[in-house]
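# Structure assessment
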Amino acid sequence: MGMVGMFRAHGVEPLLVFDGNTFPCKASTEQHRATSRTAKRRHAESLRAMGAGASAVADAFYESVDITPEMARALQLRLRSAAVRFLVAPYEADVQLAYLCLTGSVHACCTEDSDLLVYQCPRVLYKLEPTGEADFFEFERLRELREGPRLLFDPWPAWREWRFTAMCILAGCDYLASLDKVGIKGAHKLCAGFRSAEEVLSVLQMRGHLAPAYAPAFTAHFRMSQAIFAYAPIFDPRSRTVRRLRAHAPVADAAREAQLDADVPLPRWPVEVARAVCESGDLNPITLEPFEPSRAEAVAPRAAEPTAGPLAVSACVQRKRQLAQLEPWTGNFARADAFVSTAAARAAFINPVRCSAPFAPGAPLHAVRPPLRARPSSSSVSPHARRAHPCVPMDK
């Protein structure tokens, strides 16, 4: 809540986006993380037994915490009492944030999750610090990145259509482990040299990176990952329904259509359920059951919608994850003063000029101050560097 106050002090109205359920295909990843949290908890308990310092013990226990829907609910009640807007994503918050930015409901997203790049989120702030500094990243400016005289993402239409997503999947993602000796630069080289993902997979087998016995399973998971990054379910605040991130073309083959539904299941919730899960947070996103009444709920009445103030930031509660895969290239972007920082939140900047309020169709604009503008930093920084300052109009 301290961060909420910081946002508002700078004319920024926060909107928090929480994680919902877990994709079924991430079961193995979640199991691995649960095992890791258990090990870290045992380590924390051993530190406490040995009389280690309070700070070291607290840090060790922090790494073992699993954020549950009940924990998120407690914060949501505080937000409601303070008239702070929030959303609960049907599944993961990163795709919800990307959708809000892609549709113009938000100006930019702030996260530690590199998945927003794979979803082609237009503008992202990474690595927020207590000082409010962050790395500002614009997806479309990837076309300008060079390695010496060579453009890294040329031709850009092909990279935007399939190559960038394929590169990130091959380098390793939550849905498919990376292959031995295929990192981000190796994946980039593969995708740059061929005309389709199918050609890339064939070459991986020919070069021995992909064993014949493992190839069918790897190919199936690769295509499933592509489907997730293209068609993941999101909550549409305007229609108040759950839909896919992008509308897919009609599939003539019924088997392929069924496979898409199996890989990326779309919750068929009635509007009332979708609103109770995603808009009000009154239903547990995993069980779809009402939350048990709590003491916090008794003192947190539903607040009225704010009637003034710019919509400028949205955030989601999620444990901090490092942006590692694109680290060699993100160094080309300068630091940015964003007036936002927290180790447990992701955010998205809402542009009040381009939308009313995404949760109140037809409502008037409440823009007291204009949103962010990105502008070049000093001449000593790379030409790709930008600095973002709140409350300044963003050039289209």
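Everything discussed here concerns the structure shown above.
Throughout this document, residue positions are counted from 1 along each chain, in the order its sequence is written. In keeping with the model being predicted, local features are shown solely for residues with a pLDDT of at least 70 and side-chain atom pairs are shown and tallied solely at 80 or more, while totals for entire chains, interfaces and linings include all residues. For side-chain calculations, the full set of non-hydrogen atoms in the structure is used, while hydrogens and water are omitted.

This brings us to the overall build of the chain. Helices and strands together make up the secondary structure of the chain, namely 14 helices and 14 strands. The classification of residues rests on relative accessible area computed with a 1.4 Å probe and restricted to protein chains. Under 20% of the type maximum is buried, over 50% is exposed, and intermediate values are partly exposed. For the chain, the proportion of its 396 residues judged to be buried stands at 49%. Of the contacts made within the chain by residues no fewer than 6 positions apart, 66% connect residues no fewer than 24 positions apart. Carbon together with sulfur atoms contributes 56% to the accessible area of the chain, which is approximately 18,600 Å² in total. A run of H or I in DSSP becomes a helix once it reaches four residues, and a run of E becomes a strand once it reaches two; helices and strands are each numbered from the N terminus. Residues count as neighbours in contact if any of their non-hydrogen atoms are within 4.5 Å of one another. Accessible surface is estimated by sampling points in the Shrake-Rupley manner with a 1.4 Å probe; for residues, cover comes only from the protein chains shown.

For this analysis, a salt bridge means a side-chain nitrogen from Lys or Arg found within 4 Å of a carboxyl oxygen belonging to Asp or Glu. This model, assessed by the stated rule, comprises twelve salt bridges. Two residues, D282 and R80, come together in a salt bridge whose shortest N-O distance is 3.1 Å. With D282 in the loop between α12 (271-279) and α13 (295-298) and R80 in helix α4 (residues 69-81), this pair connects stretches of sequence that are 202 residues apart. Residue classification places D282 among the partly exposed residues on the basis of a relative accessible area of 23%. Accessibility expressed as a relative area gives 9% for R80, which makes it buried. One salt-bridge network, in which partners are shared between bridges, spans R73, R80 and D282.

Our next topic: the environment of R123. Looking at where R123 falls in the secondary structure, it is placed in strand β4 (residues 123-126). Considered as a pair, R123 and E140 are 17 residues apart in the sequence and their alpha carbons are 8.6 Å apart. Polar side-chain contacts of R123 include one of 2.6 Å to the backbone oxygen of H107. For this analysis, a polar contact is any N or O atom pair within 3.5 Å, provided that within protein one partner can donate a hydrogen and the other can accept it, and provided that sequence-adjacent residues contribute only side-chain to side-chain pairs.

Moving on: the packing of helix α9 (residues 197-206) against helix α10 (residues 215-231). Each axis is a line fitted through C-alpha atoms, taken for helices only over the stretch in contact, and angles between the N-to-C directions span 0 to 180 degrees. Contact pair α9 / α10: the axes reach a minimum separation of 12 Å and the direction vectors enclose 150°. The angle between the axes of α9 and α10 places the two elements in the roughly antiparallel class. Taken as a pair, α9 and α10 cross one another with a handedness that is right-handed. Note on element contacts: α10 touches α9 through A215, F218, T219, F222, R223 and Q226, opposite A197, E198, L201 and Q205. Asp, Glu, Lys and Arg are counted as charged, while Ala, Val, Leu, Ile, Met, Phe, Trp, Tyr, Cys and Pro are counted as nonpolar; the rest, among them Gly, fall into the polar class. In terms of residue class, the contact of α9 with α10 is made up of five nonpolar, three polar and two charged. With respect to orientation, any angle under 35 degrees is reported as roughly parallel, any angle over 145 as roughly antiparallel, any angle of 65 to 115 as roughly perpendicular, and every other angle as oblique. Here is the rule for handedness: rotate from the far helix to the near one, and if that takes an anticlockwise turn smaller than a right angle the crossing is left-handed, while a clockwise turn gives right-handed.

Only Phe, Tyr and Trp rings are paired, with Trp represented by its six-membered ring, and only when their centres lie within 6.5 Å; those with planes under 30 degrees apart are stacked, over 60 edge-to-face, the remainder tilted. Tallied over the entire structure, the rule returns eleven aromatic pairs. A centroid spacing of 6.0 Å and a plane angle of 90° characterise the contact between F18 and F86, whose relative ring orientation is edge-to-face. Here F86 lies in strand β2 (residues 85-88) and F18 lies in strand β1 (residues 13-18), a separation of 68 residues in the sequence. Overall, the relative accessible area of 1% leaves F18 in the buried class. Following the ring pairs from residue to residue traces out a cluster consisting of F23, Y91, Y119, Y175 and F229.

This paragraph deals with the pairing of strand β9 (residues 241-244). Here β9 shows a clear split, with V242 and R244 buried on one side and none of T241 and R243 buried on the other. Paired strands are those between which DSSP finds at least two bridges. Across four bridges, the pairing between strand β8 (residues 233-236) and β9 is antiparallel. Paired with P233 across the two strands is R244, which belongs to β9.

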